[in-house]
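Coordinates in review
Single-letter residue listing:
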Amino acid sequence: MSERLLTGWGRTAPSRACVVSAHSEAEIEEVLATAGRRGVLARGLGRSYGDAAQNGGGTVVELGELGIDGGRTAIDLDPATGFARCAPGVSLDALIRHALPLGWFPPVTPGTRWVTVAGAVAADVHGKNHHRDGTFSAFVRAIRLSTPALGTLPLSSSHSPDIFWATVGGMGLTGIITEVEVALRPVGSAVVDVETSRCDSLDEVIEAVRRGEGDRRYTVAWIDVQSRNGRGVVTAGDHVDGSAPATLPLPPRPRLSIPVVPPGPLLTRSTVAAFNEIWFRRFPRGRHLLRQPLWGFFYPLDGVGHWNRVYGPGGLVQYQVVVPSEGTLRTIVERLRKGRVPVALAVLKTFGAANAAPLSFPMVGWTLAVDLPRDTPGLAQLLDDLDALTVADGGRTYLAKDARVRPELLPAMYPRLGHWREVRDRVDPGRVLSSDLSRRLAL
Amino acid sequence: MIDALGNPQSLLLVGGTSEIGLAIAQRLLRDRGGRLVLAGRDRAHMEDAARALSRDLPAVEVEVVHLDLTTTNTHDGVLSDVFSPGDVDVAVLAAGVLGDQRRAEVDPGDAVAVAQVNYVGTMSVALHVAMRMEGQGHGVIVVLSSVAGLRGRRSNYVYGSSKAGIDVFSQGLADRLHGSGVRLVTVRPGFVRTRMTAGLEPAPLAVGPYEVAEATASAVVGRADVVYVPPALRWVMIGLRALPGGLFRRLDL
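A few points on the structure. Since the model is a prediction, treat every value here as computed from it, not as a measurement. (Residues numbered from 1 in each chain as written. Chains lettered and ligands numbered in written order. Predicted model: local features only at pLDDT ≥ 70, side-chain atom pairs only at ≥ 80, totals over all residues.)

**Some points on the overall build of chain B**
Rules: Where helices and strands are cited, they refer to DSSP runs of H or I of at least four residues and of E of at least two residues respectively, numbered from the N terminus. The globule rule is 2.2 Å times the number of residues to the power 0.38, and the radius of gyration it is compared with is taken over C-alpha atoms. With C-beta atoms placed from the backbone, the exposure class of a residue follows from how many other C-beta atoms lie within 10 Å of its own: 20 or more, buried; 12 or fewer, exposed; in between, partly exposed.
Looking only at helices and strands, one finds nine helices and seven strands in chain B. For chain B, whose C-alpha radius of gyration is 18 Å, the value lies close to the compact-globule estimate of 18 Å for 253 residues. For the C-alpha atoms alone, the extent of chain B along its principal axes is close to 55 × 35 × 35 Å. Counting every position in chain B, which comprises 253 residues, the buried fraction comes to 48%.

This is the structure in structure tokens:
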């Protein structure tokens, strides 16, 4: 047990909490039963950008030492079916190291493998294959959830589905996940065939994303928001069939790390423009095929430890929206360009259909994620304006990234919020589970 | 909660009729609104301020609470009530009296009264607020100090010494709170044109309450621990503090 100052990956708005680690379901139930006034929250690897994994003045439970079946086992993978039962604190990195030599890979992965499986459920994470496969929860066969009112429950989409779907995307506010069973994807190799398309305008990017998503399992675009025409690079890939998974190499450990927080942000309009120029020119003109290792394709930033530190002492805000219409997407990109904010990382793709989880982020439309230095002048107003455009179009922002949305916009963004609250009130009537996010947004 | 971009959702203003304090509250709650508690002695005046604020910023919900800085044994109860409905994200300690230096020299009771508000009472409230904010694991305390506290001057050393007391106290409290999730910002304005200074000859580098509010808001959003308003006073005060006594006396400040 220790008192610690916690932030999200954006390194903004720190708060102090009492951090404890739990080693069994019984210990978790004990923590929930003896919670103080400021409540309890589970925290994984702290990769949500805002304050979702903080609980100022309260208790934060880390699950890294919790095993399954009452023991110390972290992963139980059936090599025949690819069904993996995982302890909640298992990272996708650990899961890949365990499963890839046997020919299995996470069915859905975000842009970093430093997330836990329980966090992946709680944020209902998506990846480059959302248009085809949906979110992480589409592959979750079952979870176990410790709740304040109903004890520890086995849940799935057919067993107490309302509690299951309230937990998916529920930001840890329905209980503490103690086990996740996920169906992995068979892969015959550790490489991906990738088609890159360097595009000189947003029109071309949009067309290439549509084409990629028609043909390939994984598609994503990087766009240069600062450029006049919205140029960008679309990458679309598929796993390569192979025959010898036992010899598959494992992802390299990060070799580079940003060792300290620099005194000021390294990202300004001009350094970002230079970075974007180099990044754009790295790719050959037009369409191009290459074969890439899985990690280079899925986790380009995982090669650099603590990359969030380049944003300096002010930290960063990641803003991610989904909007149903292409027109609104274009307006948002244009407003970001005219807002003269430095945007190095802007990621664009389309989503497929939404699922049954009331707080799950993805819905049919275009999603755009941008990393912004927090100290950018005028940022608060700019993002409020983008929220207004988003809500007017029937879109929403992503709670796992959020650090600043207006609470009153949530019911419009998440129309089934009321239903989610009803389920939450059933499993946690005393609001034992709480986070800085839940307090800030009055969830 | 304060969000990543520095918007608080609730603010306590101690010195509920202070022009500087009200300007800070207005500036911090301007964009998003929220809960504002005005704490002070003059209820009628605070209610006027509350009405004016609600007119300008309809998204701000104002409460008025009776707080007398000089009766320190009431502070615990008052602050418990303020913190019980929910977190207080920012507490601005802006209560202050200027006193009358000439009168204090013949009636020392007048000097004691200045110290009791500016130093003793404010210190007591700051400690009560700090304890509760540590309990919530986050928060920002803003203490209105003054450059008058940085070097004693014959024209206002009673007021200046009360500000010196609260300033040194704030520096120490800020360090104690380091790592607790609670920050303390010490604001050192120069001459501010307000009711308190009405009738006095404005000093060089005089500012209005809105300039203090802007500077304070940037510190609440950002990372500065000490703010001079205007910023040039930081260098002026370094110079003045370095002056030998004889020379300083001849300046007749």
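**Considerations on the overall build of chain A**
Which entries qualify depends on this criterion: Contact between residues is assigned whenever the C-beta positions, reconstructed from backbone atoms, fall within 7 Å.
Each helix and strand in chain A was counted, giving 13 helices and 21 strands. Against the 2.2 N^0.38 benchmark of 22 Å for 443 residues, chain A shows a C-alpha radius of gyration of 21 Å, consistent with a compact globule. When its C-alpha atoms are laid out on the principal axes, chain A stretches across 60 × 55 × 40 Å. Here chain A holds 443 residues, and 53% of them are scored as buried. Across chain A, every contact between residues at least 6 apart in sequence was considered, and the portion connecting residues at least 24 apart equals 74%.

**A look at the nonpolar core**
Basically, it comes down to this: A set of buried residues drawn from Ala, Val, Leu, Ile, Met, Phe, Trp, Tyr and Cys, joined through C-beta atoms within 7 Å, is what defines a nonpolar core.
With 197 residues, the main nonpolar core has V121 of chain A together with L13, V14, V92, L93, I141 and V142 of chain B as its most contacted residues. At eight residues, helix α5 (residues 108–136) of chain B tops the list of elements feeding residues into this core.

**Focus: the interface of chain B and chain A**
How big an interface is tends to be stated in terms of accessible area lost as the parts join. Let me state the cut-off plainly: Here the term charged refers only to Asp, Glu, Lys and Arg, the term nonpolar to Ala, Val, Leu, Ile, Met, Phe, Trp, Tyr, Cys and Pro, and the term polar to all other amino acids, Gly among them.
Chain B puts 18 residues into the contact, and the matching count from chain A is 23 residues. Tallied by class, residues from the side of chain B that touches chain A come to four nonpolar, nine polar and five charged.

**Side note on the sheet that holds strand β20 (residues 365–373) of chain A**
Residues and elements named next belong to chain A. Test applied: The rule for pairing is simple: two strands pair if DSSP sees at least two bridges between them. For helices, the fitted line uses only the C-alpha atoms of the stretch in contact; every axis is such a line through C-alpha atoms, and the angle between N-to-C directions lies from 0 to 180 degrees.
If you walk across this open sheet you meet the eight strands as β16-β12-β14-β13-β19-β20-β18-β21, and the pairing is antiparallel. At either end of the open sheet lies a strand with only one pairing partner, and these are β16 (286–293) and β21 (396–397). Here strand β19 (residues 346–351) pairs with β20 via six bridges, running antiparallel. The residue of β20 that forms the bridge with T350 is W366. Across the face of the sheet, helix α10 (residues 379–392) comes into contact with β18 (316–323), β20 and β21 while running at roughly 15 degrees to β18.

**Let's talk about the pairing of strand β7 (residues 226–229) of chain B**
Residue and element names in this part refer to chain B. Just so we agree on the cut-off: Look down the strands so they point away from you; if going from the first strand over the helix to the second traces a clockwise path, that crossover is right-handed.
Here strand β6 (residues 182–189) runs beside β7; their pairing, made up of four bridges, is parallel. If you follow V187 over to β7, its bridge partner there is V227. As for the winding sense of the linkage, the β-α-β connection from β6 through helix α7 (residues 209–221) to β7 is left-handed.

**Regarding the environment of G327 of chain A**
All names here are of chain A. By the secondary structure assignment, G327 is in helix α9 (residues 326–338). Residue classification places G327 among the exposed residues on the basis of 12 C-beta atoms within 10 Å. Along the sequence, G327 and W366 sit 39 residues apart, while their C-alpha atoms lie 10.0 Å from each other.

**Observations regarding α9 of chain A**
Residues and elements named next belong to chain A. Stated precisely, the cut-off is as follows: Between the first and last residue of a helix there are one fewer steps than residues, each counted as 1.5 Å, and that sum is the expected span. This arc is taken over the directions from the axis of the helix to the C-beta atoms.
Taking 1.5 Å as the rise per residue, α9 with 13 residues should run 18 Å; its terminal C-alpha atoms sit 18 Å apart, in good agreement. Along α9, the residues that are buried comprise T328, L329, I332, V333 and L336. An end-on view of α9 places all buried positions within 140 degrees of arc, on one side of the element. Set apart from the buried face of α9 by more than 90 degrees, the exposed residues are G327 and K338. Buried residues belonging to α9 abut α6 (202–215), β18, β20 and α10.

**Quick look at α7 of chain B**
Residue and element names in this part refer to chain B. Between its terminal C-alpha atoms α7 stretches 18 Å, which fits the 18 Å expected from 13 residues at 1.5 Å a residue. Listed in full, the buried residues belonging to α7 are P209, V212, A213, A215, T216, A217, A219, V220 and V221. Against α1 (19–29), β4 (90–93), β5 (139–144), β6 and β7 lie the buried residues of α7.

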